[in-house]
Amino acid sequence: MADHIETLDKALASLQAPPSTIAFLRDLHIQALSEPAYHSTDDQPITTALDRFVALEPDKCALVYLLLRATGARFVIEAGTSFGISTIWLALAVGQNVTTQQRGDLGGKVIATENEPTKAARARQHWRAAGKEDVERWIELREGDLRETLKTDLPEQIDFLLLDIWTPLALPTLKLVHPRLKVGAMVVVDNLASCIEGYGDLLAFLETPSNGFRATTAPYSGGLHVAVYIGQ
Ligand SMILES: C[S@@+](CC[C@H](N)C(=O)[O-])C[C@H]1O[C@@H](n2cnc3c(N)ncnc32)[C@H](O)[C@@H]1O
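Residues numbered from 1 in each chain as written. Predicted model: local features only at pLDDT ≥ 70, side-chain atom pairs only at ≥ 80, totals over all residues. Heavy atoms only, no water.

Chemist: Would you explain the pattern of salt bridges in this entry?
Modeler: Counted under the stated rule, the structure contains 12 salt bridges. Among the salt bridges present, the one from Arg 128 reaches Glu 136, with a minimum N-O distance of 2.8 Å. On the basis of relative accessibility, which here comes to 45%, the residue Arg 128 falls in the partly exposed class. Residue classification places Glu 136 among the partly exposed residues on the basis of a relative accessible area of 22%. Taken together, the salt bridges that share partners define one network made up of Glu 57, Lys 60 and Asp 190. (Salt bridge = Lys/Arg side-chain N within 4 Å of Asp/Glu carboxyl O. Buried < 20%, exposed > 50% of the residue type's maximum accessible area, 1.4 Å probe, protein only.)

Chemist: What am I meant to see in the packing of helix 1 (residues 2–12) against helix 2 (residues 19–34) here?
Modeler: Any two packed helices are characterised by the angle at which their axes cross and by the distance between the axes. With their axes 11 Å apart at the nearest point, helix 1 and helix 2 run at an angle of 150° to one another. Like other packed secondary-structure pairs, helix 1 and helix 2 cross with a definite hand, here right-handed. Within the contact between the two elements, helix 1 uses His 4, Ile 5, Leu 8, Asp 9 and Leu 12 and helix 2 uses Ile 22, Leu 25, Arg 26, His 29, Ile 30 and Leu 33. Looking at the contact of helix 1 with helix 2, its residues break down into seven nonpolar, two polar and two charged. (Axes fitted to C-alpha atoms, helices over the stretch in contact; angles between N-to-C directions. Helix = DSSP H or I, 4+ residues; strand = E, 2+ residues; numbered from the N terminus. Left-handed = near helix turned anticlockwise from the far one by under 90°. Contact = heavy atoms within 4.5 Å. Nonpolar A, V, L, I, M, F, W, Y, C, P; charged D, E, K, R; others polar.)

Chemist: Is there a simple way to explain the nonpolar core in this structure?
Modeler: If you look at the biggest cluster of nonpolar residues, it comprises 43 residues, and the most contacted ones within it are Leu 68, Val 76, Ile 88, Trp 89, Trp 127, Val 135 and Phe 160. At nine residues, the largest contribution of residues to this core is made by helix 4 (residues 85–100). Beyond its immediate chain neighbours, meaning those up to four positions away, Val 135 contacts Thr 21, Ile 88, Ala 91, Leu 92, Trp 127 and Ala 130. Ranked by size, the runner-up nonpolar core spans 28 residues in total, among them Leu 192, Phe 205, Leu 206 and Ala 227. (Core = buried A, V, L, I, M, F, W, Y, C linked by side-chain atoms within 4.5 Å.)

Chemist: Where do I start with the site of the ligand in this structure?
Modeler: The full set close to the ligand counts 21 residues, and Leu 56, Gly 80, Ser 86, Glu 114 and Asp 164 are the nearest of them. Within the backbone of Asn 115, one N or O atom sits 3.2 Å away from a nitrogen atom of the ligand. In the environment of the ligand, a nitrogen atom lies 2.8 Å from a nitrogen or oxygen atom belonging to the side chain of Asp 164. Expressed as a share of its isolated accessible area of 610 Å², the protein-covered part of the ligand is 95%. Across the shell around the ligand, the residue classes break down as nine nonpolar, six polar and six charged. (Near = heavy atom within 4 Å. Polar contact = N/O pair within 3.5 Å; in protein donor to acceptor, adjacent residues only side chain to side chain. Areas by Shrake-Rupley, 256 points an atom, 1.4 Å probe, with all protein chains shown as cover.)

Chemist: In this structure, what is going on with unusual backbone geometry? I would like to understand it.
Modeler: A positive phi angle is found at Ser 82, which is not glycine, with a value near 55°. Notably, Asn 191 is not glycine yet its phi reads approximately 60°, a positive angle. Considering the arrangement of structural elements, one finds Asn 191 in the loop between strand 5 (181–189) and helix 8 (200–207). Since its relative accessible area comes to 23%, Asn 191 is described here as partly exposed.

Chemist: Can you walk me through the packing of aromatic side chains in this structure?
Modeler: Aromatic rings in a pair are described by how distant their centres are and how their planes are angled relative to each other. Per the counting criterion, the structure on display carries three aromatic pairs. When the ring centre of Phe 83 is taken as reference, the NZ or CZ atom of Lys 119 above it lies at 5.2 Å. Over the ring of Phe 83 we find Arg 122, and its NZ or CZ is 4.1 Å from the ring centre. (Phe/Tyr/Trp six-rings, centres within 6.5 Å; stacked < 30°, edge-to-face > 60°. Lys NZ or Arg CZ within 6 Å of the ring centre and 35° of its normal.)

Chemist: What exactly am I supposed to notice about the sheet that holds strand 3 (residues 139–143) here?
Modeler: The strand order 3-2-1-4-5-7-6 describes an open sheet built from seven strands, whose pairing is mixed. Every other strand in the sheet has two partners, leaving strand 3 and strand 6 (213–218) as the edge strands with one partner each. In this sheet, adjacent strand axes meet at a mean angle of 15° when their direction is disregarded. Here four bridges tie strand 5 to strand 7 (residues 224–229), and the two strands are oriented antiparallel to one another. (Pairing = 2+ DSSP bridges.)

In structure tokens form, the structure reads like this:
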């Protein structure tokens, strides 16, 4: 655990946020890091993750936050929200980008997605506690199956898609979002290397040149795939 805490504190040092938000986020990450590793198997179907954070690790959250800040991303989709840890990092970046660009009129938001009502309820509590102005106000949570909830009312242009979802849902999600990706948008996929068997269809789509992506897998735990949409 000591190693985890050191990595967590390094990750949190990358973040611009009020001390109370950082303290709250730190506590959530510690809870997430303390839970047993989660792997879905035939004996343990994915529905058993209801009481688990299964959160994106802090060093990955830090990279995602910095990518969003570097690119000025304002419209972000998060596929898979759980208890809302990664969403806090996304919302901080989007809120700060909107403020920095001094174009509040252009707006910005994180569209979060969660299928499980109990998880969605807890995520909402966490966002409120993390900060009403800095975090909560930048998030629109769509409850239900994202294959339905992302079918309509997407932003005109999407800057960033985080795929932190069960593998069979990754490609269907990307296909819904793909027509709205702006040139230069990023798609980040967690655990691409460790779940490579499940991600075959997604990878084939990303590697088809006519779909317009270039990508690399960063050597974070499990492999963090970073694809950039360069256009068709
Ligand atoms: C890996 S967790 C997300 C973790 C989160 N990004 C974080 O870092 O805290 C994946 C989540 O996707 C949710 N999920 C699974 N199938 C879904 C679906 N069809 N629509 C929306 N959410 C779904 C699960 O309930 C689970 O909470």
